[in-house]
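Listed here are the chains, written in short residue letters.
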Amino acid sequence: MINNTLSLGIQGIQDGMAGMENTARKIARGGVDGPQGSAEGAGNLAEPLIEMTLYERSVEASAQVVKTADETLGTLLDIRA
């Protein structure tokens, strides 16, 4: 059970980091994702910045899951020893 929790936390961190990387690319391009000359994505950085914040929070939450699972495992090992 602890191993599964650790795996889920690590997977959450990896997914969040991948999302942050993709969002950083959008920001670097200036938010231009639509056809050239269209207003669809031109200069609109609000959405990628919000996404970046959401991915950041996701990584923080997943890191907390990993930390809690690690602490629980440490406690169980201390009790068993």
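What counts, and where the lines are drawn
Residues numbered from 1 in each chain as written. Predicted model: local features only at pLDDT ≥ 70, side-chain atom pairs only at ≥ 80, totals over all residues. Heavy atoms only, no water. Helix = DSSP H or I, 4+ residues; strand = E, 2+ residues; numbered from the N terminus. Buried < 20%, exposed > 50% of the residue type's maximum accessible area, 1.4 Å probe, protein only. Contact = heavy atoms within 4.5 Å. Areas by Shrake-Rupley, 256 points an atom, 1.4 Å probe, with all protein chains shown as cover. Expected span 1.5 Å × (residues − 1). Salt bridge = Lys/Arg side-chain N within 4 Å of Asp/Glu carboxyl O.

### Observations concerning the overall build of the protein
Within the protein one finds 2 helices and 0 strands. The proportion of buried residues among the 81 residues of the protein is 19%. Partitioning the intrachain contacts of the protein with sequence separation of at least 6 by distance along the chain shows that 64% fall at a separation of at least 24. Approximately 5,800 Å² of the protein is accessible, and the part contributed by carbon and sulfur atoms is 59%.

### Re helix α2 (residues 46-80)
Here α2 contains 35 residues, and its C-alpha end-to-end distance of 51 Å stays within 8% of the 51 Å for a straight helix at 1.5 Å per residue. Within α2 the residues assigned to the buried category are Pro48, Glu51, Met52, Val59, Ser62 and Ala69. Where α2 is buried, its residues contact α1 (2-28).

### Quick look at the pattern of salt bridges
Under the counting rule described, the total for this entry stands at 4 salt bridges. Among the ionic pairs, Glu21 bridges to Arg25, the shortest N-O distance being 2.7 Å. Residue Glu21 and its partner Arg25 are located together in helix α1, separated by 4 residues, close to a single helical turn. Assessed through its relative accessible area of 41%, Arg25 is described here as partly exposed. A salt bridge links Lys26 to Glu51; the nearest nitrogen and oxygen atoms lie 3.3 Å apart. Note that Lys26 is positioned in helix α1 and Glu51 in helix α2, a separation of 25 residues in sequence. Salt bridges linked by common partners bring Glu56, Arg57 and Glu60 together as one network.

### Considering α1
Its 27 residues give α1 an end-to-end C-alpha distance of 39 Å, which sits within 8% of 39 Å, the value for a rise of 1.5 Å per residue. Buried within α1 we find Leu6, Gly9, Gly12, Gly16, Gly19 and Thr23. Residues of α1 that are buried sit in contact with α2. Of the residues flanking the end of α1, it is Gly30, one or two places downstream, whose phi is positive at about 80 degrees.

### Quick word on the environment of Gly30
With respect to the helices and strands, Gly30 occurs in the loop between α1 and α2. Owing to a relative accessible area of 23%, Gly30 belongs among the partly exposed residues under this scheme. Placed 14 residues apart in sequence, Gly30 and Asn44 show a C-alpha to C-alpha distance of 7.3 Å.

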